[in-house]
Every structure is written in C-alpha cells, then in structure tokens.
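Below, each chain spelled out in residue letters.
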Amino acid sequence: MEAILSRHFHDPDPADLRVYERAGGYAGLRRAITMDPADIIAEVEKSGLRGCGGAGFPTGLKWRLRGADAPAPRYLVCNLDETEPGSIKDRALLFGAPHHLIEGMLIAAHALGVRHAIFFVRGEYAAGARVLERALQGAWEAGLLRLPDGDLRLDIHLSLGRYICGEDSAILNAIEGKRPNPRKKPPHISQQGLWQQPTTVNNAESIAHLPGILAQGADWFRGLGVHGGAGSKLYSVCGPAQRPGVFELPMGTTAREILYEHAGGMRAGRNLRAILPGGSSTPFLLPEHLNTPMHFDAVAKVGSRLGTGGFIVMDDRQCPVDFLLATTRFFARESCGFCTPCREGLPYVRWLLERIEAGEGDTEEIAALHALGAQIAPNSFCALAPGALMPVLSGLHAFAEDFLDHVRQKRCPYRKVAA
Ligand SMILES: Cc1cc2nc3c(=O)[nH]c(=O)nc-3n(C[C@H](O)[C@H](O)[C@H](O)COP(=O)(O)O)c2cc1C
Ligand code: SF4
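A brief structural summary. As the structure is a prediction and not an experimental result, all values here were calculated from the model.

About the criteria used
- Sequence positions are assigned chain by chain, starting from 1 and proceeding in written order.
- Whichever chain is written first is A, and whichever ligand is written first is 1; the rest continue in order.
- Two thresholds apply to this predicted model, a pLDDT of at least 70 for residue-level local features and 80 or more for giving and counting side-chain atom pairs, whereas whole-chain, interface and lining totals are computed over all residues.
- Heavy atoms from the whole structure form the basis of all side-chain values; hydrogens and water molecules are not counted.
- Cavities and pockets were defined on a 1 Å grid built from protein atoms only: a cavity is a group of points that admits a 1.4 Å probe but offers it no way out, a pocket is an open group of points flanked by protein on both sides within 12 Å along at least five of seven lines, and a lining residue is one with an atom within 4 Å of any such point.
- Grid points are joined across faces, edges and corners, and a volume is the space filled by probe spheres set on the points.
- Throughout this entry, Asp, Glu, Lys and Arg are counted as charged residues, while Ala, Val, Leu, Ile, Met, Phe, Trp, Tyr, Cys and Pro are counted as nonpolar. The remaining residues, Gly among them, count as polar.
- Residue proximity to a molecule or strand is established when one non-hydrogen atom of the residue lies within 4 Å of it.
- As used in this structure description, the phrase polar contact means that two N or O atoms lie within 3.5 Å; if the pair is within protein, one of them must be able to donate a hydrogen and the other to accept it, and residues adjacent in sequence are counted only when both atoms belong to side chains.
- All accessibility values rest on the Shrake-Rupley procedure with a 1.4 Å probe; residue burial counts only the protein chains present in the view.
- More than half of a molecule's atoms lying within 2 Å of a cavity's or pocket's grid points is what places that molecule inside it.
- Numbering of helices and strands runs from the N terminus, with a helix taken as a DSSP run of H or I at least four residues long and a strand as a DSSP run of E at least two residues long.
- With a 1.4 Å probe rolled over the protein chains alone, any residue whose accessible area is under 20% of its type maximum counts as buried; one over 50% counts as exposed, and the rest are partly exposed.

## As for empty space enclosed by the protein
Move 1: All told, the structure shown has one cavity of 30 Å³ or more when counted by the stated rule.
Move 2: The wall of the largest cavity is formed by 13 residues, among which C336, C339, C342, C382 and L384 lie closest to the centre.
Move 3: For the lining of the largest cavity, the per-class residue count stands at ten nonpolar, three polar and no charged.

Okay, here's the thing in structure tokens:
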C-alpha cells in the first residue's frame, strides 16, 4: 500500500510546507472549501472512517449527529493526548505528519462551522508540539487558515500529562483550567462542551485521514481496507518483536501479517503467547486469533477491541501476572479519583496482583480478582476503570493455570527463566 499518513515520516523536515505541497498536500482542503459542509460530512460518512481514539465511532456520523444548526461558537479539538501504553501512532503523526493534522483540522472546521480549534497535545510530546507549531506558522503565512466564512483560530494546548486528560470531556475541563475529571453525560459535549458550547473531539489519526478522503474521494479511501475494513490504519507494535514500530497498513490486515511480515516476527528464541491488540486497555488475543483481520468489527467478534491499534506482543518468557501487574499499576496511578469504585478498586486489584506475583496469594484472592473485576467496571463513572480491567479479566481466563501456579509454588514460576 502506498504511504499516505506516513508519507513524510522519514523526511528531514516534515513541517516544511513546500515538501507537503509537492506531494499533493492541501489538495483535500482546496476541494473541501468549494463544497457545502453537509456534502463534506456525507463524503466522510461514505468513506467508512471510524474514530481512531479507541471506540471506533464513525466520524461522519458523529459530525452529522452534532447537527448543522448547533449554536455558535462551536469548537473542535484534536485529541493528541495519547497516553495509552503501547500506542505511539499519534506521536508519529505529530513529528512526521504535522501538515496532515493541520489540513485535516481545516477540513473538519469547515465541515462543522468551527472558527476556533485546538490541538490538545500530551505534555511529554513537547518537542513534537514544536514541530507542529512550525508547520502551523508556515500554513498561516501561506494564508491557508483562511476558510470561506473567516479565519480559523488554531491553538496548540500542551497537556499537563495524565491519562484521563485524553477522555473527551476531561480534555475540555483541562482546557478550561479545571480539574480534568470526566463530565457527566448528558448533556453530550456535542451539545454542551467547551465553555458550554457545541464541541467535537476527534483523535489525531481520524483528523489526519481527512485530507486523503477529500482529495481522492470516499471510494478510494474505503477501497484501501482489506477483509471488510475501510481505509488505512496506523498500527503501533511493541514488545519482543524483531522490528517494533509504527506501520501504515490497510485497515483489516491480519494480526499474523502485522506481526510476522511487517514487524519481522518474534525475536530469536521467543514464542508468541498473546497480544493486546488495541493498547493496554483491551482483552488479550491468543495465537489462535492470528488470522483475525485487525479492524473494529472483526476484533470485536473474537472478544477483544481494536482500540488505538497499539499492538502489544507478549512472549512465553513473560509472566502474565507480572505483565498485568504492570498495566494495573499504570491504571491505578492514573485513576482521576473522582469515583470510588475506580479510585479504591484499582489499587485493591493492584494489591491482589502484587500478592499473587510475590507468591503470597491464595485461590480466594484469585476469586476476589474475578469478583472485583465484575463489580468495578459497571459501577465506574467513565471508561478508564472498565478499560483497566479488560486485560485483567481476560488474563484471568487465558492464563488461569499461571495464576494457580503462583499459588501452588508460592513464587513466580517465571523468575528462574528471567534470571
Ligand atoms: C480514560 C480515557 C482516555 C482516553 N485517551 C484518549 C487519547 O489519549 N486520545 C484519543 O484520541 N482518545 C482518547 N480517549 C477517547 C476519547 O474520549 C474520544 O472518544 C476520542 O478522542 C474521540 O475521537 P475519535 O472519534 O476520532 O476516535 C480516551 C478515553 C478514555 C475513557
Ligand atoms: S472511572 Fe476512574 S478515571 Fe473515570 S471518573 Fe472514575 S475515578 Fe475518574
């Protein structure tokens, strides 16, 4: 597949406007500004583009549901917070495709009747934000921020850096200078969002796909996918693969092809044990799922989630309990503390995993993990806690014998291998 989003990833200066324009950049915007906003939305809907921030909600439908008569001012936020462990695709876009992001924001702003848009960038990506800033300066000097109904104000907001800041309503609190916990919905942010005005939040990759869709058409984009997927997708592979990294591939490429063809297979002497296909907050896939096409519906069919496409590989030397302890430590630390089941429950899950991993746990504690997992998720205020528990609950089933071995042997059975 031709490189689209990744076209300039290895250029010396992807922020250089001339380089982007020479490769056909801003053609999508030029077409979009001749179109009626409703037609742009219809084109995006037809393309089959689905939100790349995790949930996979169809982007065109989300825009249409906001309603053309939403009261002004309306806001648009590009979600570049990307704190999901295992996901580095938005970072790649920030450094390597800043003009795709700017052009995408201009197209979305025109479609949604927005005059003020914001890039919300993860704090640790400050160097990437500077690349984006340089690209933005070039676009502004070239007059590209002039839309048919007036100039677009396009700001860059650097996050202070917490996982919860990526949740679409917590972002808005963060921008408003408030404590960034999620907001109660309804009202949905599309009706009352930033400063109580209609607001659309889209992931960076969703935004970056827009220039191609507008320049080459919905059918072209849809046709890039394989096995029932639409468009292209950035998959980021990490863990004990030969060549971890970010790969732009047809949406729907099988897990086998991603791992064994593009990421070079497992490192020497390692055997595949499991994959988290969509970042750390998704259930495990096992080797028997390797032929699954990696698009939202196919991954859901086998009981997991495509999420962000952050493809975390686990080998047979890695203790699954220790692996889950690492992810749970992260999520327990990142709980915003707003609701009790998550604030108190995730540290308790972490404590149980610590005990089992240290060989101090018993079977009742394994049962407690099952019970807690089932209770915390449905009683939490936002999707952080259910996401944190997805790998734990699926790991309790997939690696049940490993959990029991820790109890029987009163130690981690993997320690001797790792030593
Ligand atoms: C705890 C939490 C963290 C999230 N972090 C991000 C993030 O870093 N980036 C992102 O795009 N979406 C993140 N999301 C999803 C957003 O709430 C939202 O669904 C997404 O930005 C919408 O964009 P899309 O429709 O283009 O996918 C997060 C959700 C939750 C619950
Ligand atoms: S589930 Fe966790 S992150 Fe979400 S509101 Fe509750 S405490 Fe905050």
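Here the narrative resumes.
## Notes on the site of ligand 1
Move 1: Taken together, 19 residues lie around ligand 1, and G53, K62, D168, N203 and S206 are the ones closest in.
Move 2: The separation between an oxygen atom of ligand 1 and a polar side-chain atom of K62 is 2.9 Å.
Move 3: E82 is positioned with one of its backbone polar atoms (N or O) 2.9 Å from an oxygen atom of ligand 1.
Move 4: Look at ligand 1: alone it shows 610 Å² of surface, and the protein chains cover 87% of it.
Move 5: Counting atoms within 2 Å of the grid points, the majority share of ligand 1 lands in the largest pocket.
Move 6: With three residues, strand β6 (residues 199-203) is the single largest residue contributor to the shell around ligand 1.
Move 7: Considering only residue class, the shell around ligand 1 consists of six nonpolar, eight polar and five charged.

## Details of the site of ligand 2
Move 1: Close to ligand 2 lie I164, P182, S335, C336, G337, F338, C339, C342, S380, F381, C382 and L384.
Move 2: Of the pockets mapped on this structure, ligand 2 occupies the largest cavity.
Move 3: In the shell around ligand 2, the residues fall into nine nonpolar, three polar and no charged.

## Re unusual backbone geometry
Move 1: Here the residue pair A72 and P73 is connected by a cis peptide bond, since its omega of -5° sits within 30 degrees of zero.
Move 2: As for its position among the elements, P73 is in the loop between α4 (59-66) and β1 (75-80).
Move 3: Looking along the chain, the bond that leaves K185 and enters P186 is cis, with omega of -5°.
Move 4: Summarising the element assignment, P186 is placed in the loop between α8 (168-175) and β6.
Move 5: A positive phi angle is found at E82, which is not glycine, with a value near 20°.
Move 6: Taking relative accessible area as the criterion, E82 reaches 8% and is therefore assigned buried.
Move 7: Positioned with a positive phi, H227 is a non-glycine residue whose angle comes to about 50°.

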